[in-house]
Amino acid sequence: MQTILKTIRYSVPILFLGYAVVVNLAIFGEGLPGEVEGDVVTGRAALSLDGLYGQAQPHRETAVGLIGAARYALIGEGRDGVTAGEDGWLFSDEEFQRATTPEIATATRIIEEVEAELDALGSELTVVPVPAKIDIYRDRGDAEAGAAMEEQYRAFRAALQEAGVESVDTRPALADVDGDPVFLTRDTHWTPAGAADVAEAVAGSEKISRGDKEFAKVPARPEEFIGDLVSFVTTDDFAPRVGLGPERVTPYVAEEADATEGGIFASDDDPIDTVLVGTSYSANEAWSFVPALKIALGRDILNLAEEGRGPIAPMRDVLSDPAFADAPPAHVIWEFPVRYLGAPKHTDTEEASNG
């Protein structure tokens, strides 16, 4: 059996390489379908060449999708970047890269420095660690990796505590998986239910006092999408054919029950005193973390989270904004996925500053 799997594992890429060789020989024999425009200095020539090369191999995306789907169907594997679990579950490879003690120390030092800056401005920092998906759903993936990420979560919180930084223990809220799923099956992110569970944990920690506002949960239109991890396996066209079809969530917004005419931003007499900084777990409206926090805390929340930059860079941007220093909020919530601790580009000081 192992011999068969090994044969398949290596034969699939060989088939793709064979396809690539045939196509490139045809291109070199017949030439590109047009002239390269632009100059080398500005890079326009390279862009033009790339476009013409893509036109000359119209079946490339189809071939990539087909071969990826075949590999997943036959041996349950994707490309670098994803690890396939049971029953169509996919996990980011970042969740299998355990952070070293120095890497956790580096992240903790950066957070400690941020807290000092915020304290000087009169703002209180609360870190909200997000456990790894493989930790919560280790029964659908790798139990050993799940246990390692649980240990990483606990080590991170212990380091924060030793540094005197307030953090919320969010893991128990997500670890009870008997109810609605708290993470998406084929995406790196949590579901609106998972985000709501964490918001309740933040409120229940009493690290941020409850405000005096009441918000009503108003469902938005359901959304369907192909999970972000599927792109490491195959293309959107082939994904449903191998059991990696669209996922569905129902986002919601939080409307203030007695908001005055003009909305919550209508009056300067009632400024927003709580800011959320973080990653796509907070920035993407589909997960509804901001409205969940509003409802749980009874406070308006200003969302300054960003997608695709990790947890450090958005915080650096916030602190470097003169407007923030001129009117600092009372509370800053920092959503911080623990899977980034093992990715140096997201915790290195220079990378964090430059994004």
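Note that this is a predicted model, so its numbers are computed, not measured. Residue numbering note: each chain is counted from 1, following its sequence as written. Residue-level local features of this predicted model are given only where pLDDT is at least 70; pairs of side-chain atoms are given and counted only at 80 or more, and the full residue set underlies all totals for whole chains, interfaces and linings. Side-chain measures here rest on the full set of heavy atoms in the structure, leaving out hydrogens and waters.

An account of the environment of Asp-80 is requested, with residue identities and associated values reported.
The residue Asp-80 is located in the loop between α3 (60-75) and β1 (82-84) in this model. Each C-alpha atom of the pair Asp-80 and Val-233 lies 9.0 Å from the other, and the pair is 153 residues apart in sequence. In this analysis, two residues are considered to be in contact whenever any of their non-hydrogen atoms come within 4.5 Å of each other. The residues contacting Asp-80, other than those within four sequence positions of it, are Asp-93 and Phe-232. In this text, helices come from DSSP runs of H or I with a minimum length of four residues, and strands from runs of E with a minimum of two, each type numbered from the N-terminal end.

Hey, could you go over the packing of aromatic side chains for me, with residue numbers and the actual values?
For Phe, Tyr and Trp, rings pair up if their centres lie within 6.5 Å, where Trp contributes its six-membered ring, and each pair is then called stacked (planes under 30 degrees apart), edge-to-face (over 60) or tilted (otherwise). Tallying each qualifying case throughout the model produces seven aromatic pairs. Both rings, one in Trp-89 and one in Tyr-137, keep their centres 4.5 Å apart while their planes meet at 35°; by these two values the pair is tilted. Here Tyr-137 lies in the loop between α5 (133-136) and α6 (143-162) and Trp-89 lies in the loop between β1 and β2 (90-92), a separation of 48 residues in the sequence. Here the term buried applies to any residue with accessible area under 20% of the maximum for its type, exposed to any over 50%, and partly exposed to those in between, with areas from a 1.4 Å probe on protein chains only. The exposure class of Trp-89 is buried, given its relative accessible area of 6%. Taking the centre distance of 5.3 Å and the plane angle of 40° together, the rings of Phe-156 and Phe-336 count as tilted. Of the two residues, Phe-156 sits in helix α6 while Phe-336 sits in strand β10 (residues 331-337), which places them 180 residues apart along the sequence. Of the two residues, Phe-156 and Phe-336, both sit in the buried class. Site record: aromatic cluster; members linked through ring pairs are Trp-89, Phe-91 and Tyr-137. Seen from the ring of Phe-91, Lys-133 lies directly overhead, with NZ or CZ sitting 5.2 Å from the centre. For a ring to carry a charge above it, either NZ of a lysine or CZ of an arginine must fall within 6 Å of the ring centroid while also lying within 35 degrees of the normal to the ring plane.

Help me get a handle on the confidence of the model for the protein, residues and values and all.
Think of pLDDT as the predictor's per-residue confidence, scored from 0 to 100. Across the protein, the average pLDDT comes to 83, with 76% of residues at or above 70. A low-confidence stretch, residues 20-54 (pLDDT under 50), is modelled with 29 contacts involving residues beyond four sequence positions or located in other chains. Contacts of residues 261-268 to residues separated by more than four positions or lying in other chains number five contacts, the stretch itself having pLDDT below 50.

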